[in-house]
Amino acid sequence: MADIENKAFHTLDKAAALEALESSEKGLLPEEAAARLEKYGPNALPEPEKRSIVMRFLSHFHNTLIYVLLGAAFVTLLMAHYIDTAVILAVVLVNAVIGFIQEGKAEKALDAIRKMLSPTAAVLRGGRRVTVDGTEIVPGDLVLLEAGDKVPADLRLIAAHGLLIEEAVLTGESVPAEKDTHKAAEEASLGDRHCMAFKGTLVAAGEGTGLVVATGQKTEIGKISDMLANVETLTTPLVRQMAVFAKYLTGFILVFAALMTAFGFLVRGMAFPEIFMAVVGLSVAAIPEGLPTILTITLAIGVQAMAKRHAIVRRMPAIETLGSVSVICTDKTGTLTRNEMTVASIATAEEVLTVTGTGYGPEGDIKNGDRKIKADDHALLPEIARGAVLCNNAALQEKDGTWVVEGDPMEGALLALGGKCGFAVEETQEKYPRLDTIPFDAKHRFMATLHEMEGEKRIFVKGAPERVLDMCAAARGADGQDKKIDKKYWLKAIEEIAAEGQRVLAVAVKTAAKNTAEIGFEDVESGLVLLGLWGLIDPPRDEAIVAVKECREAGISVKMITGDHAATAAAIARQIGLEKTQRVVTGAEIDGMDDAALTKAVSESDVFARTSPAHKLRLIEVLQADGKVIAMTGDGVNDAPALKRADIGIAMGRKGSEAAKEAAEIVLTDDNFASIAAAVRGGRTVYDNLKKAIAFLLPVNGGESFSLVAAILFGLTLPITAVQILWVNMVSSVALALSLAFEPPEQQVMKRPPRPPNTPVLSPFLLWRIAFVSALFCIGIFAQFTLAQAAGLDVETARTMAVNTLVVMEIFYLFSIRYTHGTSLTFEGVLGTPAVLIAVAAVTVLQFLFTYTPFMNVFFGSNPLTFMQGVQVVAFGVAVLFLLETEKFIVRRFVKKEKPA
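Keep in mind that what you see is a predicted model, and the values were worked out from it rather than measured.

All right, on to the overall build of the chain then. When its secondary structure is counted, the chain shows 31 helices and 28 strands. Looking at the 901 residues of the chain, the share that counts as buried comes to 56%. As displayed, the chain offers around 38,100 Å² of accessible surface, 59% of which is attributable to carbon and sulfur atoms.

As structure tokens, then:
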């Protein structure tokens, strides 16, 4: 193949372009495509340049707290407090290492998400339609384009039918560009190359076929460096809010520390080294240095856990919003149902036939009652089957004994019907080749194809039954003769089929003039002959029925918004378990309602049928105006505005267009409503775990701080030294708090009503909990220290008992905080989770080293404890747990308005 890099393909006609790339209208053979992939490389843009490992690591020393600690380390070094200096530097290093590891995990999570969302494309390989990963497309491939697709490479169009492509990303033009197959002048700008489609642009309407002429960095978008995607940072409003909180708290603590230094030095007459080290300990104790890191790790773990449940979070704030969702607006087909369409019935002018068999395989029978019918013995079935096979853009393939559809599931079901009627799909399509087509569009609601059959030109039309009925002048009878159409009969048949939960399509035919080469709307708007109706069924997913029930119990309303017939939507809604199905609101009714009437209708119905994307957008606006937090599903390019407007946009990963995925915060890789419910559960769980981490760390810091402040104010001996506080914060607090990120959902997580979106992080309940637990910790530390001294123990041993009491109280508090909304005094609560048990075991081992190893005794001024002293330490932890559980019981029992958010 000649060098193609500098070829101006927009100046070549279709035949010349195919010849230059040594391709054909059947596409490349699979083995040739593999060879070209080896030669040209993957169809991908270079990854954005990343910081070096060294710079990433050093960046974690760039924050206010670290500067304060480094300053303290420098002063202690000048004062020859080398042990204190070493411990402070160790804390700084550990904090940086944790942040560095977390950032690496976050980047891996984002990389995995980008790979899971990598676009796919439909191509012709050896004449067969197949779906391939976008990175595997090579020059010479034939790409099939449909509305909603993202163009995967630079293409020379060889077929275009009503094709409109949004090229604003390249040309700045806000209006979609009309495309055709005619070559352009060599000097034509990108916007004037109507025979070209460029990588990264979006198909707004129509369909087409394009020859790949450039991939990867050789594409037009690949030549523009500022078009490379930026790495999405793992940050959320909650994390930012807590970062600001930590910043202001740091400033407050530094001012307070200065005042305490002056008070201790000038009023209490303490030696400067002593008061300085006490204030260093106070500063480290009060500032929750690990909180932003722990919050972000919790969110990253939540993202990865939700990805395993088929919910890919593209924008991190979505996790927080999920906990507030009060209404889920969902599509029906493929989301609440299996998306495995099967033709279940065929209505003709005289009878209704049933079709057996499920899925997309050709196995099944056509029956009239209990009697099997052969298509060859029926006057209408062969023509109806040909319409199903020929007026069709899908393809069926058998993979591992299972038939799968490439393309629209409904069209796949029609191909399967053709097989059940005895037609070999590919042979039929080759025998009666397609000469021209009018692609399906939501505006005109039908598809038409032109074929040469048995010496004449024939047009097949399939589409929405009401629309096709309006285009028909006659209907074909069982004797094969055309008669005047009886619209009342057909409308009744449509209602009866739809009432069975089946989607109804009509198929019609028209003989065209022999010299017809192309067809337009004027050729099919009238004069069609109706052949019959297809009733297609897509049964509800069993797991969706369970998920809808779970959402109802969680106080979340589920609204079905579908383009289907009203009777079909109502039948499926009843099977799914939606509550308000007596009234179905149609798109036509929505058009006639003002906002007040629509608000009333939304409150009275859960089913909306025959809707357009514009109706979806209006429904969302009405619900939001009523104070609801909305999660909205969508799959088409026209759903993008509604997905953006919704509080949580949820795109379908399998059938969804690239435009929908880009507009959404969450992408479902299985298009399953159960995954939406799982995502809400996951979002609530992540938020609960974030609140638990906050509620764990802040009281621990508060208890440490209060004990030091009290000692300085009242001139008492410090119950814990600065280096001992640094040890506790470095070893136990962060390790125990991190275990909360792995907490499973609480039993009542989907029994609670949605969280109000404006709920503050530091709610009144959380502020009370911080103050209450801080006071318990402070009392516990001082009480243990005082008891030890009263028993005649030296200061080092008393402090060792105080430090171990602090750590034990943290451990018992961890078991309490795991169940914010219920008691921890259960077998499950005591048993904990693997993460909790590992964290507790690790902290326990480290505390034994702190207490009993000679080098740690020298380093931290600790002493070994006796068995009874250890029992006394543990007793304080047990007491704290029972006090906390009593407080939780009182709150649950009596303080109704102060339940934790």
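From this point, the discussion proceeds with the structure in view.
Counted according to the given criterion, the structure contains 11 aromatic pairs. Where Trp768 meets Phe772, the ring centres are 5.1 Å apart and the plane angle is 20°; that geometry is what we call stacked. With a gap of 4 residues between them, Trp768 and Phe772 both fall in helix α26 (residues 764–790), about one helical turn apart. Seen in terms of ring centroids, Phe859 and Phe860 are 5.3 Å apart; in terms of plane orientation they differ by 75°. Their pairing is edge-to-face.

One rule of thumb: low pLDDT means the predicted coordinates there are not for detailed reading. Across the chain, the average pLDDT comes to 83, with 88% of residues at or above 70. Contacts from residues 225–235, a stretch scored under 50 in pLDDT, to residues over four places away or in other chains number 21 contacts. Contacts from residues 897–901, a stretch scored under 50 in pLDDT, to residues over four places away or in other chains number 10 contacts.

Our focus in this paragraph is the sheet that holds strand β25 (residues 607–609). As summarised here, the arrangement of the 8 strands in space is β8-β28-β27-β26-β9-β23-β25-β24, forming an open sheet in which the pairing is mixed. Among the strands making up the open sheet, the edge pair consists of β8 (311–313) and β24 (584–586). Each adjacent strand pair in this sheet contributes to an overall mean axis angle of 20°, direction not counted. In this structure, strand β9 (residues 327–330) lies alongside strand β23 (residues 557–561), joined through 4 bridges in parallel fashion. Residue Cys329 lies in a different strand from β23, and its bridge partner there is Lys559. Of the strands in this sheet, β9, β23, β25 and β26 (630–634) touch helix α21 (residues 613–625), which is tilted by about 170° from β26.

Moving on to unusual backbone geometry. With a phi close to 60°, Arg445 is a non-glycine residue in the positive phi region. Judged by relative accessible area, Arg445 falls into the partly exposed class, the value being 29%. Phi at Glu454 takes a positive value of approximately 50°, unusual for a residue other than glycine. Residue placement: Glu454 occurs in the loop between β17 (446–453) and β18 (456–463). Taking the relative accessible area as the measure of exposure, Glu454 reaches 58% and is therefore exposed.

Now for the packing of helix α25 (residues 722–739) against helix α27 (residues 795–817). At a minimum axis distance of 10 Å, the contact between α25 and α27 shows a crossing angle of 15°. In terms of their interaxial angle, α25 and α27 are classed as roughly parallel. The handedness of the crossing between α25 and α27 comes out as right-handed. Here Gln724, Val728, Ser732, Ser733, Leu736 and Ser739 of α25 lie close against α27, whose contacting residues are Arg799, Val803, Leu806, Val807, Glu810, Ile811 and Leu814.

This paragraph deals with the pairing of β26. Burial within β26 is extensive, with 5 of its 5 residues counted as buried. Taking every second residue as pointing to the same face, both faces of β26 are buried, with Ile630, Met632 and Gly634 on one and Ala631 and Thr633 on the other. Direction of pairing for β9 relative to β26: parallel, over a ladder of 3 bridges. Paired with Ile328 across the bridge in β26 is Ala631. Relative to strand β27 (residues 648–652), β26 runs parallel, the two being bridged by 4 bridges. Bridging from a neighbouring strand, Gly634 pairs with Ala651 of β27.

Let us now look at the packing of helix α17 (residues 542–553) against helix α24 (residues 673–713). Taken N-terminus to C-terminus, the directions of α17 and α24 make an angle of 35°; their axes are 8 Å apart at the nearest point. Classified by chirality, the crossing of α24 by α17 is left-handed. Note on element contacts: α24 touches α17 through Phe673, Ala674, Ala677 and Arg681, opposite Glu543, Ala544, Ala547, Val548, Glu550 and Cys551. Of the residues belonging to the contact of α17 with α24, the class tally is 7 nonpolar, no polar and 3 charged.

Within the secondary structure layout, Glu543 lies in helix α17. Once the C-alpha coordinates of Glu543 and Asn672 are considered, the two residues, 129 residues apart in sequence, prove to be 8.6 Å apart. Not counting the four nearest positions on each side in its chain, Glu543 is found in contact with Asn672 and Ala674.

The pairing of strand β14 (residues 395–399) with strand β15 (residues 402–406) spans 5 bridges and is antiparallel. Paired with Leu396 across the bridge in β15 is Val405.

A surface patch of nonpolar side chains, about 420 Å² in accessible area, is lined by Phe265, Leu266, Val267 and Phe272. Among the elements that take part in the nonpolar patch, helix α7 (residues 237–267) stands out by supplying 3 residues, more than any other. Inspection of the secondary structure assignment puts Val267 in helix α7. The class of Val267 is exposed, set by a relative accessible area of 55%.

With that out of the way, let us pick up the pattern of salt bridges. A side chain with one charge can pair with a side chain of the opposite charge if their charged atoms come near. What the rule picks out here adds up to 31 salt bridges. Two residues, Glu456 and Arg458, come together in a salt bridge whose shortest N-O distance is 2.5 Å. We classify Arg458 as buried; its relative accessible area is 8%. With a shortest N-O distance of 3.2 Å, Arg618 and Asp595 are connected by a salt bridge. Separated by 23 residues along the polypeptide, Arg618 in helix α21 and Asp595 in helix α20 (residues 595–604) bring together distant segments of the chain.

It is worth spelling out helix α29 (residues 834–852) at this point. Here α29 spans 27 Å end to end across 19 residues, near enough to the 27 Å set by a 1.5 Å rise per residue. Of all the residues in α29, the buried ones are Ala835, Val836, Ala839, Val840, Val843, Gln847, Phe850 and Thr851. Seen end-on, α29 carries its buried residues on one side only, within an arc spanning 125°. The outward face of α29, more than 90 degrees from its buried face, is lined by the exposed residues Pro834, Ile838 and Val845. Lining the buried residues of α29 we find α25, α27 and α30 (854–860).

A large share of helix α18 (residues 566–576) lies buried, amounting to 8 of its 11 residues. Every buried residue of α18 is accounted for by Ala567, Thr568, Ala569, Ala570, Ala571, Ile572, Ala573 and Ile576. If you follow the buried residues of α18, they end up packed against α15 (487–499), β21 (502–512), α17, β23, β24 and β25. Within two residues after α18, Gly577 carries a phi angle of roughly 105°, on the positive side.

A separate point is the nonpolar core. Nonpolar side chains in soluble globular proteins tend to end up buried together. Grouped together as the largest cluster of nonpolar side chains are 114 residues, with contacts concentrated most on Ile328, Ile666, Phe673 and Phe696. Looking at which element gives the most residues to this core, the answer is α24, with 20 residues. The contacts of Phe673, once residues within four sequence positions are left out, are Ile328, Thr330, Thr335, Leu336, Ala544, Ala547, Val548, Cys551 and Val558. Core analysis: the second largest hydrophobic core is formed by 33 residues, Val355, Ile373, Met453 and Val509 among them.

Note on placement: Met801 falls in helix α27. On the accessibility criterion, Met801 (1% relative accessible area) is buried. As for Met801 and Leu787, which are separated by 14 residues in sequence, their C-alpha atoms are 9.8 Å apart. When neighbours within four sequence positions are excluded, Met801 is seen to be in contact with Gln784, Ala788, Leu793, Leu865, Gln869, Gln872 and Val873.

Rules and cut-offs
- Residues numbered from 1 in each chain as written.
- Predicted model: local features only at pLDDT ≥ 70, side-chain atom pairs only at ≥ 80, totals over all residues.
- Heavy atoms only, no water.
- Helix = DSSP H or I, 4+ residues; strand = E, 2+ residues; numbered from the N terminus.
- Buried < 20%, exposed > 50% of the residue type's maximum accessible area, 1.4 Å probe, protein only.
- Areas by Shrake-Rupley, 256 points an atom, 1.4 Å probe, with all protein chains shown as cover.
- Phe/Tyr/Trp six-rings, centres within 6.5 Å; stacked < 30°, edge-to-face > 60°.
- pLDDT = per-residue confidence, 0-100.
- Contact = heavy atoms within 4.5 Å.
- Pairing = 2+ DSSP bridges.
- Axes fitted to C-alpha atoms, helices over the stretch in contact; angles between N-to-C directions.
- Parallel < 35°, antiparallel > 145°, perpendicular 65-115°, else oblique.
- Left-handed = near helix turned anticlockwise from the far one by under 90°.
- Nonpolar A, V, L, I, M, F, W, Y, C, P; charged D, E, K, R; others polar.
- Patch = residues over 30% accessible without salt bridge, like charges linked within 9 Å, V, L, I, M, F, W, Y side chains within 5 Å.
- Salt bridge = Lys/Arg side-chain N within 4 Å of Asp/Glu carboxyl O.
- Expected span 1.5 Å × (residues − 1).
- Arc of directions from axis to C-beta.
- Core = buried A, V, L, I, M, F, W, Y, C linked by side-chain atoms within 4.5 Å.

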